Amino acid sequence: MAWNEPGNNGKDPDPWSSGGRRSNGGNKNQGPPDIDEAIRNLLGRLGILGGGKRGGSSGAGGARPTPGRGVSGGLLAGFVAVALVVWGFLGFYIIDEAEEAVVLRFGRVLENTVQPGLHWNPPLIDEVNKVNVSVLNDKTYQNRAMLTTDENIIDIAVTVQYRIQDPMKYVIAVQNPELSLDNASESAIRHVVGSTFMDQILTDGRDLVAAEVHARLQDYMDLYNTGIFVSQVNVVDAQPPENVREAFDDVIRAREDEQRVQNQAQQYANRIIPEARGEAQRQIEQANAYKEEVIAKAEGDASRFNQLFSEYEKAPEVTRKRMYIDSIQDVMTASSKIMIDVEGGNNMLYVPLDKILEQNTSLTGAARPRNAAEWRDLAEELAPYLPDVSSSGTVDASRLNDVRSGVRP
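Residue numbers restart at each chain and count upward from 1, following the sequence in its written direction. Owing to the predicted nature of the model, reporting of local features is limited to residues with pLDDT of at least 70; listing and counting of side-chain atom pairs is limited to 80 or more, with chain, interface and lining totals taken over all residues. Values shown for side chains rest on all heavy atoms present in the structure; no hydrogens or waters enter the calculation.

Chemist: Mind showing me how you'd approach the sheet that holds strand β5 (residues 126-132) here?
Modeler: Strand pairing in a sheet is mediated by backbone hydrogen bonds. Such pairs are either parallel or antiparallel. Across the sheet, which stays open at both edges, the 3 strands sit in the order β3-β2-β5 with antiparallel pairing between neighbours. One side of each edge strand has no neighbouring strand; the edge strands of this open sheet are β3 (108-109) and β5. DSSP bridges decide pairing: two strands pair if at least two such bridges lie between them. For helices the rule is a DSSP run of H or I covering at least 4 residues; for strands it is a run of E covering at least 2, with both sets numbered from the N terminus onward. The pairing of strand β2 (residues 99-105) with β5 spans 7 bridges and is classified as antiparallel. For Val 102, the partnering residue across the bridge sits in β5 and is Asn 129.

Below, the structure written as structure tokens:
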């Protein structure tokens with residue numbers, strides 16, 4: 001019987017104790033609790049262990065199972081069960097909405113990427129690589145002392161914005177795609193700056209430089225199969241070296257002044273040229289109108305002369321007299337003064353019609369005669385006052401007052 005079995009009663013002493021005595025003060029009737037037996041009993045109650053019954057000695061019924069072997073098998077089974085539960089639980093994972101996952105099973109990549117949601121893969125068998133395919137990443141590259149095509153040195157800062165377009169290539173094709181992006185960006189920037197003049201980079205050529213760097217960098221990413229899509233490239237800053245920066249600033253200000261003056265001149269030209277064209281067109285239209293007027297008037301005069309000549313051939317004397325009367329009428333109609341020959345003397349009667357009309361208009365509001373008929377009517381109204389003429393050859397003042405007031409004799 002073993003030293004640690006309950007029925008030993010101290011007959012077989014502990015081989016590790018001195019003199020065959022126990023370490024609890026030499027009491028042979030008591031010993032430390034049998035932990036293996038307690039675990040074996042617990043596992044037996046749970047039905048984990050099988051085998052023969054406890055108790056009884058070895059006999060014809062068969063050999064009794066070894067206690068140490070049964071306990072080791074039960075613990076192992078329990079540990080395996082717990083490990084399986086933990087292993088299965090660790091296989092659950094969540095893919096966010098902005099992510100996709102690339103799964104490697106025993107080092108071999110699965111064909112399709114894992115979409116957002118809750119998924120399970122066997123741990124230690126599958127390797128899950130999550131990749132964010134929606135976020136827009138950006139990196140800024142500070143490049144100093146770069147040589148341009150005109151052998152000038154410039155410091156430039158470029159910002160690259162990118163996102164991961166193909167997660168499979170991003171995880172599998174390149175060992176370190178971010179490092180590849182950095183090296184490709186440096187190469188593209190130096191190649192483009194090295195083939196561009198410094199003045200273009202400092203003034204109005206930044207957009208062109210950014211576009212060329214963008215195209216070249218995207219070609220590099222496609223060539224390396226990194227799965228990275230370059231969204232935009234911006235030239236944040238471009239400055240000459242510190243030692244010569246003031247001189248370059250003066251040059252830039254001079255170029256800006258030149259551009260400003262050119263813009264002002266262009267603005268002035270845009271304002272003056274349409275006005276000059278409009279004025280030229282107006283003068284051309286006026287000249288054409290004057291031309292048509294003169295031609296029409298000349299044709300009318302020629303036609304009137306031809307008609308008058310035909311009438312003159314029919315009755316020369318009457319036509320001549322009529323022409324004379326019409327001419328005198330036209331001349332006298334334009335005059336505002338009248339000279340009348342008075343019978344019985346050498347005096348001439350002067351009638352200041354302009355003064356009379358001005359005073360009469362201010363008093364009565366009458367209008368000035370506009371044609372020969374109105375002048376004739378006015379002369380008839382003045383006829384009763386004409387015989388009474390003073391020795392000075394002017395109309396009596398009392399009679400003129402009667403004329404102004406509209407009183408007839």
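Chemist: Before we go on, may I ask you to explain the side chain of Ser 180 in this structure?
Modeler: The topology assignment puts Ser 180 in helix α4 (residues 177-194). Under the relative-accessibility criterion, Ser 180 is labelled buried at 17%. Note on contacts: a residue pair is in contact if any heavy atoms of the two residues lie within 4.5 Å. The contacts of Ser 180, once residues within four sequence positions are left out, are Val 174, Met 221 and Thr 226. Think of it in three bands: with a 1.4 Å probe and only protein chains considered, a residue is buried below 20% of the maximum accessible area for its type, exposed above 50%, and partly exposed in between.

Chemist: Whenever I open this one, the pairing of β2 confuses me. Can you help?
Modeler: Put simply, side chains in a regular strand alternate between the two faces of the sheet. Of all the 7 residues making up β2, 6 are buried; the element is thus mostly covered by neighbouring parts of the structure. Taken together, the 2 bridges between β2 and β3 define a ladder with antiparallel strand orientation. In the sheet register, Arg 105 faces β3, and the bridge partner there is Arg 108. Here β2 hands over to β3 after 2 residues, with Phe 106 in that stretch at a positive phi of 55 degrees.

Chemist: Help me out: how do you make sense of the packing of aromatic side chains in this one?
Modeler: Where two aromatic rings form a pair, the distance of their centres and the angle of their planes describe that pair. Pairing of aromatic side chains requires ring centres within 6.5 Å, counting the rings of Phe and Tyr and the six-membered ring of Trp. Pairs whose planes differ by under 30 degrees are stacked, by over 60 edge-to-face, and all others tilted. Following the criterion strictly, the structure yields 3 aromatic pairs and no others. Summarising the aromatic geometry, the rings of Phe 305 and Phe 309 are spaced 6.4 Å apart at their centres and angled 20 degrees between planes, so their arrangement reads as stacked. Linking Phe 305 with Phe 309, this pair stays in helix α7 (residues 245-314), spanning 4 residues, or about one helical turn. By relative accessible area, which is 52% here, Phe 305 ends up exposed. Residue class for Phe 309 comes out partly exposed when judged on its relative accessible area of 42%.

Chemist: Just checking my understanding: could you explain the nonpolar core for this structure?
Modeler: Side chains of a nonpolar character, in soluble globular proteins, are inclined to be buried together. Within this scheme, the nonpolar core is defined by two criteria: the residues are buried Ala, Val, Leu, Ile, Met, Phe, Trp, Tyr or Cys, and they are joined through side-chain atoms within 4.5 Å. Counting residues in hydrophobic clusters, the biggest one holds 31 residues, and the most contacted among them are Ile 154, Ile 156, Ile 189, Leu 217 and Met 221. Those elements that provide at least two residues to this core are β6 (137-147), β7 (153-164), α4, α5 (198-202), α6 (206-224) and β8 (228-239). Apart from residues no more than four positions distant in its own chain, Met 221 is found in contact with Ser 180, Leu 181, Ala 184, Thr 226, Ile 228 and Val 230. Residues Tyr 93, Ile 95, Ala 101 and Val 103 belong to the second largest nonpolar core, which totals 5 residues.

Chemist: I tried to follow the sheet that holds β8 on my own but got confused; where do I start?
Modeler: Read from one edge of the open sheet, 3 strands run β6-β7-β8, paired in antiparallel fashion. Single-partner strands in this sheet number two, and they are β6 and β8. Ignoring which end each strand starts from, the neighbouring axes of this sheet average 20 degrees apart. Bridge analysis of β6 against β7 gives 9 bridges, and the strand direction is antiparallel. Looking across to β7, one finds that Leu 147 is bridged to Ile 153. Sheet strands touched by α4: β6, β7 and β8. Its angle to β6, the strand with the most contacts, is close to 40 degrees. To obtain each axis, a line is fitted to C-alpha atoms, and for helices this fit is confined to the stretch in contact; angles are then taken between N-to-C directions over 0 to 180 degrees. Helix-sheet contacts for α6 involve β7 and β8, and the interaxial angle to β8 is about 145 degrees.

Chemist: So what exactly am I meant to see when it comes to the pattern of salt bridges here?
Modeler: For side chains bearing opposite charge, pairing can occur when the charged atoms are close. Within this document, salt bridges are pairs made up of a side-chain nitrogen of Lys or Arg and a carboxyl oxygen of Asp or Glu, the two lying within 4 Å of each other. Enumeration according to the criterion identifies 10 salt bridges in this entry. Taking the shortest distance from any N to any O, the salt bridge between Glu 178 and Lys 139 comes out at 3.0 Å. Pair noted here: Glu 178 is in helix α4 and Lys 139 is in strand β6, with a separation of 39 residues, a long-range link. As a salt-bridge pair, Glu 279 and Arg 282 come within 2.1 Å of each other at their nearest N and O atoms. Separated by 3 residues within a single helix, Glu 279 and Arg 282 lie in helix α7, roughly one turn from each other. By relative accessible area, Glu 279 is classed as partly exposed at 33%.

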